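Close look at the chain arrangement
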Amino acid sequence: MAGLDVHDDMNFYITPESFYIEPNGKSEVLIIDRVSRKSSLQVKTNQLPHGIQIRKICGILGVIKLISGYHLIVVTHRIFVGIINSHVIWRLAGFDIIPFTPSLTHLSDTQKVQNGVYLSMLRQVLDTPYYYFSYTYDLTHTLQRLYSLSPDVLQLGLFERAELRFVWNGYLLKQFHRTEIRQYCLPIMLGFVSVNDVSVNGHNFQWMLISRRSVFRAGTRLFCRGIDQTGNVSNYVETEQIIDIRGDKVSFVQTRGSIPLYWRQTPNLRYKPPPELVAGRDHLIACSKHFDSQLIHYGRQVLVNLIDHRGAEDVLEKAYGTTISTLANPNLRYESYDFHAECRKMRYDKLHNLIARLAHEQDEFNVFHLRRDGTLVSSQDGVFRTNCIDCLDRTNVVQSMLAKRSLEQCLLRLGVLTSGQKIDPYSSFEWLFKGVWADNADMISTQYSGTGALKTDFTRTGKRTKMGLMRDGINSLTRYYKNNFNDGFRQDSIDLFLGNYAIQDGEGLTVQCPLVIQKGWRYGTFPVILLFAFAMFFTSTVYPQEYRTENLLFILFWGSMVGVTGAGIMKYGIEFVDWPKLLPASRSKLDA
């Protein structure tokens, strides 16, 4: 496998004509022409330029086109995460975006500004915590998928044999998708990875958690809901728990993803806009496509739906249940659990009732278990697909409980725990387990909603606390602000990075740039009036030495202006939201 490893530490030379990339310890050099963008791999002789600065890079992420031309994206810094199956796992910690055309003199002033916005979008995506990679290990695959790969596939490069659902720079690497330079293609995965050395009852082993976010229908919380016509759902994540005890490897996989129907939750400045089904779409066909794919990838499915059975969420719960019933697929079982109603008054201990209902199927699904001598003991032939409204907070709580049950069963089977023994609730491993799952919740939530997860106090401590409720309140308010006023830009950034939107030739000059939009008169007028009215109200309230009739009328007038203008902003709230600009036809309706 070493011969197919991706090059890690490399010397990087930049001249006005070309990029030179020299892998350390190799007798070759990759030369990329900055005009034609053609790349050639050559035996190293005397091609390398002299007298210029040598930069160190540790990976190539690919090439992307902006208004000013093409840009090369390289990894400049990395952080060690851990070792899986004797392979080192890294986290992206620094990058650089280098233009093929070093000068912007060919652009108009407007194009320069627009090009700068696109560069900010790329940095926004790459600054998202966290991207992971390995030069020698297929991090995008579960252990079971790796085991099932054919010898022919194993002869391919890491990018060629990666699970493309979880390769976030697949679009960027298209230009490098050639056999002779496969070792320069470094696939990266967005999600969460934790590798831990653990000791229980005198047994030392590794415990790992890997969450992989899908690139299909990727986006932000309120701008990316439900399903698309190809069967992909938003916020889809595959989470794998791995135990490695003296070479025996056990893997347990779960998935999460948005409710697989056409639905939306249009941001309009209200704290919690109601979810609604999109009329006129064929929910059944799209849902069927989704589960056809899931059954191929994972086998049988138990669909654990944690949304409310009353109020705004109820319309989705009923529609989801009806759709699954209509599909009548014997390999799908729908398990609906009203999380908030069952666990009201912070009675999260009642979740054990749900886990008990799922226990029989969890035992049937089994786990992937490979002995150190290569003997396959068992395979996992089914998964729990869990969702709530966002597939974040409630989802992570239930997934962590299923993972713990699987972990205890595996440790018992491998002789780490004795019959009837559980993981000590006060042990260091128990605290580690809870902390890692809470960190996983925070990371997946940050990548989708912009803030850490809610309800992580239960995941970390096993109890719902008042301090946790306060933190949830702060996170909820932060989500409200970001989802309404920041996420249009973030959605555009994701669409640009993944190639859902491609810069057109002549954009900003002969072709209209989508970044240029005209806002309605209310967008500028209402906030100005509100700020002025509030300032006058505050001034007239604080500064008078005594309150006469005219002062009170003045206060009443400006107070009324604050109320009326605020009400107007809320009434026309949809006009003040930061909407995506690059794909307005699909995103503005939120029903793609």
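Nothing here was measured: the structure is a model prediction, and the numbers come from that model. (Residues numbered from 1 in each chain as written. Predicted model: local features only at pLDDT ≥ 70, side-chain atom pairs only at ≥ 80, totals over all residues. Heavy atoms only, no water.)

Focus on the side chain of Gln241
Summarising the element assignment, Gln241 is placed in strand S12 (residues 237-245). Taking the relative accessible area as the measure of exposure, Gln241 reaches 3% and is therefore buried. A distance of 3.0 Å separates a polar side-chain atom of Gln241 from the backbone oxygen of Ala403. Every residue in contact with Gln241, bar those within four places of it in the chain, is listed here: Trp207, Met208, Leu209, Val250, Ser251, Phe252, Ala403, Ser406, Leu407, Phe433 and Trp437. (Helix = DSSP H or I, 4+ residues; strand = E, 2+ residues; numbered from the N terminus. Buried < 20%, exposed > 50% of the residue type's maximum accessible area, 1.4 Å probe, protein only. Polar contact = N/O pair within 3.5 Å; in protein donor to acceptor, adjacent residues only side chain to side chain. Contact = heavy atoms within 4.5 Å.)

Points about the packing of aromatic side chains
Applying the stated criterion across every chain, the model contains 25 aromatic pairs. Ring geometry for Tyr348 against Phe458: centres 5.0 Å apart, planes inclined by 50 degrees, an arrangement best described as tilted. With Tyr348 in the loop between helix H7 (339-342) and helix H8 (351-365) and Phe458 in helix H11 (residues 456-461), the pair connects residues that are 110 residues apart, well separated along the chain. Comparing Tyr348 with Phe458 shows no difference in burial state: the two are buried. Plain terms: the ring middles of Phe526 and Tyr572 are 6.4 Å apart, the flat faces sit at 80 degrees to each other, and that makes the pair edge-to-face. Highlighted residues: Phe526 in helix H14 (residues 521-542) and Tyr572 in the loop between helix H15 (549-571) and helix H16 (584-587), separated in sequence by 46 residues. With relative accessibility at 14%, the residue Phe526 sits in the buried group. Following the ring pairs from residue to residue traces out a cluster consisting of Phe205, Trp207, Phe429, Phe433 and Trp437. (Phe/Tyr/Trp six-rings, centres within 6.5 Å; stacked < 30°, edge-to-face > 60°.)

Concerning the pairing of strand S2 (residues 18-23)
The buried count for S2 comes to six of six residues, which makes it a mostly enclosed element. Bridge analysis of strand S1 (residues 10-14) against S2 gives five bridges, and the strand direction is antiparallel. Among the inter-strand pairings, Met10 is bridged to a residue of S2, identified as Pro23. A loop of three residues connects S1 with S2, the two strands running antiparallel in sequence. Of the pairings in the sheet, the one linking S2 to strand S3 (residues 28-33) comprises four bridges and is antiparallel in character. Bridge assignment links Ile21 to a residue of S3, and that residue is Leu30. Here S2 folds back onto S3 in antiparallel fashion, the turn holding four residues, of which Gly25 has a positive phi close to 80 degrees. (Pairing = 2+ DSSP bridges.)

Focus: the pattern of salt bridges
According to the stated counting rule, one finds 38 salt bridges in the structure shown. Its salt-bridge partner being Glu180, residue Arg178 comes within 2.7 Å of it at the nearest N-O pair. Arg178 gets classed as partly exposed once you look at its relative accessible area, which sits at 27%. For the salt bridge of Asp248 with Arg372, the shortest nitrogen-to-oxygen distance reads 3.1 Å. Within this pair, whereas Asp248 is found in strand S13 (residues 248-256), its partner Arg372 is found in the loop between strand S18 (368-370) and strand S19 (376-378), the two being separated by 124 residues in sequence. Residue classification places Arg372 among the exposed residues on the basis of a relative accessible area of 52%. When salt bridges with common partners are traced through the structure, they connect Arg145, Glu163, Arg165, Arg212, Glu238 and Glu240 into a single cluster. (Salt bridge = Lys/Arg side-chain N within 4 Å of Asp/Glu carboxyl O.)

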